Amino acid sequence: MAARRVGVPMTDRILEFLDEKQPGLKSSVWKIFYPMRDEQPIEVSVKPGSLAGGTLELDFEGRKLIVKEEPVERRPAGRLGM
């Protein structure tokens, strides 16, 4: 069993880990998806342009961490208030 820091949520550990690997990436994170099963990777979505169109696959505390750029969602133009 790996020793973990007590009292630090996994999200904070992931953000610190990403900042160590690529400084400034921590501030580009949009969302983190934690799968229900341990064998599936944790997916981290970052702002477009943060990875220059690439994807990072990292090992984090014995689990696979996939960091990818999330496309910008455009809301359809419509009338307000109807």
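Worth saying up front: this structure is predicted, and the values here are computed from it rather than measured.

*Asks:* In this structure, what is going on with the nonpolar core? I would like to understand it.
*Replies:* Nonpolar side chains in soluble globular proteins generally cluster together in the buried interior. Ranked by internal contacts, the top residues of the largest apolar core, which has 15 residues, are Ile 14, Leu 18, Val 29, Val 44, Val 46, Leu 65 and Val 67. Of the residues forming this core, the biggest block, four residues, is contributed by helix α1 (residues 10-21). Excluding its chain neighbours within four sequence positions, the residues that come into contact with Val 29 are Leu 15, Leu 18, Val 44, Ser 45 and Val 46.

*Asks:* Help me out: how do you make sense of the sheet that holds strand β2 (residues 42-46) in this one?
*Replies:* Strand pairs in the sheet, formed through backbone hydrogen bonds, run parallel or antiparallel to each other. In spatial order, the strands read β1-β2-β4-β3; together these four strands make up an open sheet with mixed pairing. Bordering the open sheet on either side are β1 (29-33) and β3 (55-60), each of which pairs with just one other strand. Neighbour to neighbour, the strand axes of the sheet diverge by 20° on average, direction disregarded. Two elements, β1 and β2, share four bridges in a ladder whose sense is antiparallel. By the bridge assignment for β2, Phe 33 is matched with Glu 43. Taken strand by strand, α1 contacts β1, β2, β3 and β4 (63-69), and its axis lies near 120° from that of β3.

*Asks:* Explain the packing of aromatic side chains here, please?
*Replies:* Within this structure, the stated rule accounts for one aromatic pair. Pairing Phe 17 with Phe 60 gives two aromatic rings, centres 5.3 Å apart and planes at 55°, and the pair type is tilted. Note that Phe 17 is positioned in helix α1 and Phe 60 in strand β3, a separation of 43 residues in sequence. The pair Phe 17 / Phe 60 is uniform in exposure class, with both members buried.

*Asks:* Would you explain the side chain of Arg 63 in this entry?
*Replies:* Looking at the secondary structure, you find Arg 63 in strand β4. On the accessibility criterion, Arg 63 (16% relative accessible area) is buried. Separated by 3.3 Å, the side chain of Arg 63 and the backbone oxygen of Gln 40 make a polar contact. For Arg 63, the contacting residues outside a window of four places in its chain are Pro 35, Arg 37, Asp 38, Gln 40, Ile 42 and Leu 58.

What counts as what
- Residues numbered from 1 in each chain as written.
- Predicted model: local features only at pLDDT ≥ 70, side-chain atom pairs only at ≥ 80, totals over all residues.
- Heavy atoms only, no water.
- Core = buried A, V, L, I, M, F, W, Y, C linked by side-chain atoms within 4.5 Å.
- Buried < 20%, exposed > 50% of the residue type's maximum accessible area, 1.4 Å probe, protein only.
- Helix = DSSP H or I, 4+ residues; strand = E, 2+ residues; numbered from the N terminus.
- Contact = heavy atoms within 4.5 Å.
- Pairing = 2+ DSSP bridges.
- Axes fitted to C-alpha atoms, helices over the stretch in contact; angles between N-to-C directions.
- Phe/Tyr/Trp six-rings, centres within 6.5 Å; stacked < 30°, edge-to-face > 60°.
- Polar contact = N/O pair within 3.5 Å; in protein donor to acceptor, adjacent residues only side chain to side chain.

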